[in-house]
Amino acid sequence: MGLLALGTPLDWPEAKKNADHVREWGIEQLLAIWRRAKGKEGNALLWGDEIEYLVVAFDDKSRTVKLSLRQADILAALAADEALCQKGGCVPDLQTVTHEGETCPIFHPEFGRFMLEATPGKPWGIGLKDLLDVERNMKWRRVIAKEHMNANEYPITLTTFPRLGTKNSLCPEYPISGERLRSQFLPDEIANPHIRFPTLAANIRSRRGRKVEINVPIFHDDNTPAKFNDPTVDYRLHNWPEDDDVRNGAAHDDSIYMDAMAFGMGSCCLQITFQAKNITEGRTLYDQLSPLGPIMLALTAATPIYKGFLADTDARWNQISRAVDDRTREELGEASLQHDRWRVPKSRYASNSTYIAQDPRLRKEYMDPTLVVDQNLKQRLMDGGMDDLLATHFAHLFIRDPLVIFAEDLKELDLTKTDHFENLQSTNWQHMRFKPPPPDKETGWRVEFRPMEIQMTDFENAAFSIFIVLVTRAILSFDLNFYLPIPLTTENMETAHTRNAVLDRKFHFRKDPMPPRPTKTNGTSTGCSTPAYRPSRPATPTGPVEDEHALMTIDEIINGQPSSCCSDPNSCFPGLIPLVESYLAGMNIDVQTRCELIRYLDLIRKRASGELWTNAKWIREYVRGHPEYKRDSVAGEGVTYDLLKKVEAITQNEGRSGLGAEMFLAGWDKVEKGTNGSVHGLDV
């Protein structure tokens, strides 16, 4: 999250009047960036990761755990730490620090007042030995964060707090049903008090014309009612006009119902941002990483509980999508178009709908046939010199309305800034984001990979970060082609939410990613520079698009298809890890570095094969095996307390004590059976 601007925010009626104004100025700022940076050449690839934490407070005497709403106090303590500041660690929203030498991590506020974000103090390089510092740095961040918290608080990396939205889940508690969120379950005070966040939540609700509507399928266990109706919903509440939502059917049968932005934007994730050497490389990475998004979402699945109930899904993405869905009834197709310009197929938090690389392998059949574009803004971009593909991409993002407008920003257009452009760009939360260079820095063109779920441990988060970095190296080195029709990527994103999708479901994926001619890697490379592009590119493919892809398991996509599964053994998908290993084989790296990298790849390999469990499966099975669980889909206070104490211990021991070994170790002899046959880790 970038620096938070200050100003006088406009409520939705006034913001709506100025929406076209902001869009037009945003396009002019984008064109200014384009003219200034389209020919920008950078150095070797740089990248960075973002880790988000939930801050929880334990009460061991009462066996309860709550979300701590002390974000501001913790950030202030971090900013006041002189020793940390001297090493470059800082909170940019509160201070500016200059430094020399190795830098400490940087901490940022997030939407939830119970959240922290941490990034490395400076970008990572592509040197393979640099990758070995990532896990250590992640552990360092957690240690620093914990040192600036109360003794009973802990920074946990779970996607969601299991009982968010239930009684006695916040510390301190506040009255629910405030003016901004108008939620039955959450107080306004749960959001960061910076004016941007409550305004964002209120304007999403106001633009939509009702509260956001989140319904997650309930997991039906042995004693779950055959027709489950969320017992926490209050149909008698009459504080706000939006309280009529539930009486009008907002809460669905057999679903866990939630009604506020905080249920989505209060989720944590693992994001990776790559800086490309130039715009061409950035556009290539954006396109080629896009089909991998659903695969990595399923592989990192970690979200089986909402509002104290076990869900029949494993991932967070759709819940965030619904939590910020500001589409009106007309845009959703629930009413005829009278006031709005078009029907909009997706929420502004959704999977990608565009490809942007000027690649002859990109066929028109891959494009989204339902794509909505502001043709006037697209023409303005093209008149300004932007090519059709990129103009289409940004003109699609700009069909949305700006949600938070500060009155002070409407006085004068400043082409040295990006405030109006970022107003739209930063509130299009797609699973990939293409980021132009900011005007005041040496930063280059960047691509943000956004779908992965945060994992319990720093080892896991480092492993997934390093894996996706190595995949980008293989993509560029071997000129890999993962193009898939966009509607199939959209379908894959839905599939990725399915319970145990990593083992039980198949995903559309391209069968042959290799170029039609042999390629060579530089055998003397150290891995410290971006592989060069070949001077020629393959011709546009011909033949039916349907023949280019097939349904595959996650295991087949990650580890490769056995020849017995292919009609033509030479056409088997090689697997992402074998492709990465082929890339590493061409690098001049020492044995120790190679062994360390293999340790991370082994986790990915075994998660994909099912030999190791996802976080979602472990959490679900832990709850189902807990002695207080009644097989009714309810994760009560005691169950949640024990679960989070186990997660805290797993964070520190990473399966070495036997606890959580199903996620880390292949040795099943280090776990013991719990009640009802479920597997429990041994106590630390």
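Residues numbered from 1 in each chain as written. Predicted model: local features only at pLDDT ≥ 70, side-chain atom pairs only at ≥ 80, totals over all residues. Heavy atoms only, no water.

A.B. asks: An account of the pattern of salt bridges is requested, with residue identities and associated values reported.
C.D. replies: Applying the stated rule across the entire model yields 54 salt bridges. The residue arginine 624 makes a salt bridge to aspartate 221 at a minimum N-O spacing of 3.0 Å. You can see arginine 624 sitting in helix α23 (residues 615–625) and its partner aspartate 221 sitting in the loop between β7 (214–217) and α8 (244–247), a full 403 residues away along the chain. You'll find arginine 624 and aspartate 221 in the same group, each marked buried. For glutamate 548, the salt bridge identified is with arginine 510, shortest N-O distance 3.1 Å. One end of the pair, glutamate 548, is in the loop between β16 (506–510) and β17 (549–553); the other, arginine 510, is in strand β16, with 38 residues separating them in the sequence. Note on glutamate 548: relative accessible area 12%, which makes it buried. A residue is classified by how much of its surface remains accessible, and arginine 510, at 7% relative accessible area, is buried. Salt bridges sharing common partners tie together Asp20, Arg23, Arg207, Asp326, Glu331, Arg348 and Asp401. (Salt bridge = Lys/Arg side-chain N within 4 Å of Asp/Glu carboxyl O. Helix = DSSP H or I, 4+ residues; strand = E, 2+ residues; numbered from the N terminus. Buried < 20%, exposed > 50% of the residue type's maximum accessible area, 1.4 Å probe, protein only.)

A.B. asks: Tell me about helix α7 (residues 196–208), and please be specific about residues and values.
C.D. replies: Its 13 residues place the ends of α7 18 Å apart at the C-alpha level, agreeing with the 18 Å of an ideal helix rising 1.5 Å per residue. Along α7, 11 of the 13 residues are buried, which leaves the element largely enclosed by surrounding structure. For α7, the elements touching its buried residues are α1 (12–17) and α13 (329–332). Downstream of α7 by a residue or two, glycine 209 has a phi angle that is positive, lying close to 90°. (Expected span 1.5 Å × (residues − 1). Contact = heavy atoms within 4.5 Å.)

A.B. asks: Could you give me a rundown of unusual backbone geometry, with the residues and numbers involved?
C.D. replies: Cis rather than trans, the peptide bond between cysteine 171 and proline 172 has omega equal to 0°. Examined against the element boundaries, proline 172 turns out to sit in the loop between β6 (170–171) and α7. Backbone geometry at asparagine 168 places phi at a positive 60°, although glycine is not the residue there.

A.B. asks: Please provide a residue-by-residue account of the side chain of serine 290, values included.
C.D. replies: Mapped onto the fold, serine 290 is located in the loop between α10 (279–289) and α11 (293–299). On the basis of relative accessibility, which here comes to 3%, the residue serine 290 falls in the buried class.

A.B. asks: Could you give an account of the layout of surface pockets, naming the residues involved and the relevant values?
C.D. replies: Take a probe with the size of a water molecule and roll it over the atoms, and the empty space left behind shows itself. The space that makes up the second largest pocket amounts to roughly 430 Å³. Residue lining of the second largest pocket: 21 residues in total, with Gly165, Thr166, Lys167, Gln184 and Phe185 positioned closest to the centre. Of the residues belonging to the lining of the second largest pocket, the class tally is 9 nonpolar, 7 polar and 5 charged. (1 Å grid on protein atoms, 1.4 Å probe; cavity = no way out; pocket = protein on both sides within 12 Å on 5 of 7 lines; lining within 4 Å. Points joined across faces, edges and corners; volume = space filled by probe spheres on them. Nonpolar A, V, L, I, M, F, W, Y, C, P; charged D, E, K, R; others polar.)

A.B. asks: Residue-level account of helix α6 (residues 134–147), with values.
C.D. replies: Across its 14 residues, α6 extends 20 Å between first and last C-alpha, which sits within 8% of the 20 Å expected from 1.5 Å per residue. Among the residues making up α6, those that are buried are Val134, Glu135, Asn137, Met138, Arg141, Arg142, Ile144 and Ala145.

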